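Summary of the model geometry
Below, each chain spelled out in residue letters.
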Amino acid sequence: MTGALLDPPAVRAGWTARQWTRLLVLSGNMLLDAVEVSVVLIALPAVAARYGLTPWGAQWLMSGFALGFAALLLLGPALCARIGRRRAYLGAMLLFVLASLAGGVVDGPALLVAVRVVKGCCAALTAPMGLALINDLFPEGPERRRALSVYSLSGAAGFTAGLLLAGALLASDWRWVFVFPAPVALVLLVCGLFVLPRGRGGTPPGPPRPALLKQGPLLRSALGAASLNGTYQALLVLMVFQMHDDFGWSAWRTALALLPACVPLALTVPFAGRFIARYGTRRLIAAGALFPLLGYGLCLARPDGSPYALGTLPVLLLVEAGFCCAFVALNVQATAGFEAADRGAAVSMYQTSVQLGAAVLLPLVALLLTHGDGPRPALALITAVGVLGLAAALAHRPARSGR
């Protein structure tokens, strides 16, 4: 994904209403996928209380989504090649609607986790295919950069929207957290039926191939993104339970307290292209690994009972500064040096790594949070993984030209 600065007057002059509708459908689905992560994050304590779950048991609602996402990325390209992008995309949206409705009626943590895994599988089709469809529908150059900027901004803004929605929905009933995406996804599905192009389109993204990790930039990006996403989600899960169990905060207060962990990214994504042009991907990725590590260290060292403004807030701002620096730069570096035939497979490999970072680290951190002596063992693990992420960012080798 790129992050070029939007130019609304030029876009309005150059795009038809049909192009705008297509972009809004694809971006709306990207936003919904991001909302799915943050809205359930805030609901974890409520679900845990309803079923008597420990943090380790409740976190499967988060890691289950990531596992479903990572798993279907292995099969998604073959499915799209067989039935076409449009059918795969719309079919995944329909399944997403049905899974959301099921989340409102199933009872028991195992079934709720199964619903989350299914939703993760749907996201594994809609996210890469949405990106591929944008590349097909908008010509290379300024138009495509603007479209990708809107698409990227939707994903970044979705996490913020999910936090606020969670606060509102949980004031009524935690079930709404699982049901509310259904009507939104249904509207996107109906719009997609009319505006998304028919036919198989271009070549779908290739499946993840571990052999591609021999390419240094992709390996460093995969490790860095896995560390960044895994530690970020693990820290937020830890904080959500701490705010609920130790501080007695409401869902609304918790959601508002976590806004500094997502709002800055939504504000800076449109300028990411300029940042990369000025500083380069290597510097931004290194800074994106260093800032969160400083935040994790601060969180680990802060005294128990530190007020929010002096303890939690600086940690959240440091972690989010890492995302502002590295979010787009990691995507750009991941595909550097790949020819067009391999670029789709490299993107799939990168996206799989992003999801596996959360799927692996969340259960480990929640296990330490459940059975450890307070949050510090879990924080120590998060910090150690952050160190590995920084090491991957600094392990630079001169890039070879070509393949």
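Please refer to the structure placed before this passage.
Right, let's walk through the structure included here. If you're wondering where the values come from, they're calculated on a predicted model, not measured in any experiment.

About the cut-offs
Residues numbered from 1 in each chain as written. Predicted model: local features only at pLDDT ≥ 70, side-chain atom pairs only at ≥ 80, totals over all residues. Heavy atoms only, no water. Salt bridge = Lys/Arg side-chain N within 4 Å of Asp/Glu carboxyl O. Helix = DSSP H or I, 4+ residues; strand = E, 2+ residues; numbered from the N terminus. Buried < 20%, exposed > 50% of the residue type's maximum accessible area, 1.4 Å probe, protein only. Contact = heavy atoms within 4.5 Å. Lys, Arg positive; Asp, Glu negative; His and termini not counted. Disulfide = S-S within 2.5 Å. Axes fitted to C-alpha atoms, helices over the stretch in contact; angles between N-to-C directions. Parallel < 35°, antiparallel > 145°, perpendicular 65-115°, else oblique. Left-handed = near helix turned anticlockwise from the far one by under 90°. Nonpolar A, V, L, I, M, F, W, Y, C, P; charged D, E, K, R; others polar. Core = buried A, V, L, I, M, F, W, Y, C linked by side-chain atoms within 4.5 Å. Patch = residues over 30% accessible without salt bridge, like charges linked within 9 Å, V, L, I, M, F, W, Y side chains within 5 Å. Areas by Shrake-Rupley, 256 points an atom, 1.4 Å probe, with all protein chains shown as cover. Expected span 1.5 Å × (residues − 1). Bend = angle between axes of the 7 residues up to and from the residue.

**Comments concerning the pattern of salt bridges**
- Taken as a whole, this structure holds 4 salt bridges when the rule is applied.
- Where aspartate 107 meets arginine 50, a salt bridge forms, and the shortest distance between an N and an O atom there is 3.7 Å. Of the two residues, aspartate 107 is situated in the loop between helix H6 (85-103) and helix H7 (109-137) and arginine 50 in helix H2 (residues 17-51); the sequence distance between them amounts to 57 residues.
- The class for arginine 50 is partly exposed, based on a relative accessible area of 44%.

**With respect to the environment of valine 354**
- Along the chain, the position of valine 354 falls in helix H16 (residues 340-371).
- Spatially, the C-alpha atoms of valine 354 and alanine 266 are 19 Å apart, while their sequence positions differ by 88 residues.
- Setting aside its immediate chain neighbours within four residues, valine 354 contacts Ala225, Ala226 and Asn229.

**Remarks on the side chain of glutamate 320**
- Looking at the secondary structure, you find glutamate 320 in helix H15 (residues 312-334).
- Notably, glutamate 320 is buried but unbridged: the nearest opposite-charge side chain belongs to arginine 302, and the N-O separation is 16 Å.
- Glutamate 320 has contacts with Tyr232, Pro260, Ala261, Cys262, Val263, Pro264 and Leu265, leaving out every residue within four places of it along the chain.

**Concerning the state of the cysteines**
- This model, assessed by the stated rule, comprises 0 disulfides.
- Note on cysteine 191: no disulfide assigned, nearest cysteine sulfur contributed by cysteine 122 at a separation of 18 Å.
- Here cysteine 324 is not disulfide-linked; the sulfur of cysteine 325 is the nearest cysteine sulfur, at 6.8 Å.

**Some thoughts on the packing of helix H4 (residues 60-73) against H7**
- In contact at an axis separation of 7 Å, H4 and H7 are set at 40° when each is read in the N-to-C sense. Comparing the axis directions of H4 and H7 gives the class oblique. For H4 against H7, the interelement crossing comes out right-handed. Note on element contacts: H7 touches H4 through Leu112, Val113, Arg116, Val117, Lys119, Gly120, Cys121, Ala123, Ala124, Leu125, Ala127 and Pro128, opposite Trp60, Leu61, Met62, Gly64, Phe65, Gly68, Phe69, Leu72 and Leu73.
- Tallied by class, residues from the contact of H4 with H7 come to 16 nonpolar, 3 polar and 2 charged.

**Description of the nonpolar core**
- Membership of the largest hydrophobic core comes to 128 residues, with the highest contact counts inside it found for Leu41, Leu44, Leu163, Leu235 and Leu258.
- Apart from residues no more than four positions distant in its own chain, leucine 163 is found in contact with Ser38, Leu41, Ile42, Ala255, Leu258, Leu259 and Cys262.

**A word on a nonpolar patch on the surface**
- A surface patch of nonpolar side chains, amounting to about 350 Å² of accessible area, comprises Leu94, Leu95, Leu98 and Leu101.
- By the element assignment, leucine 94 lies in helix H6.

**Considering H15**
- Between its first and last C-alpha atoms H15 spans 32 Å; for 23 residues at 1.5 Å apiece the expected length is 33 Å, and the two agree.
- The largest bend in H15 comes to about 40°, at alanine 326.

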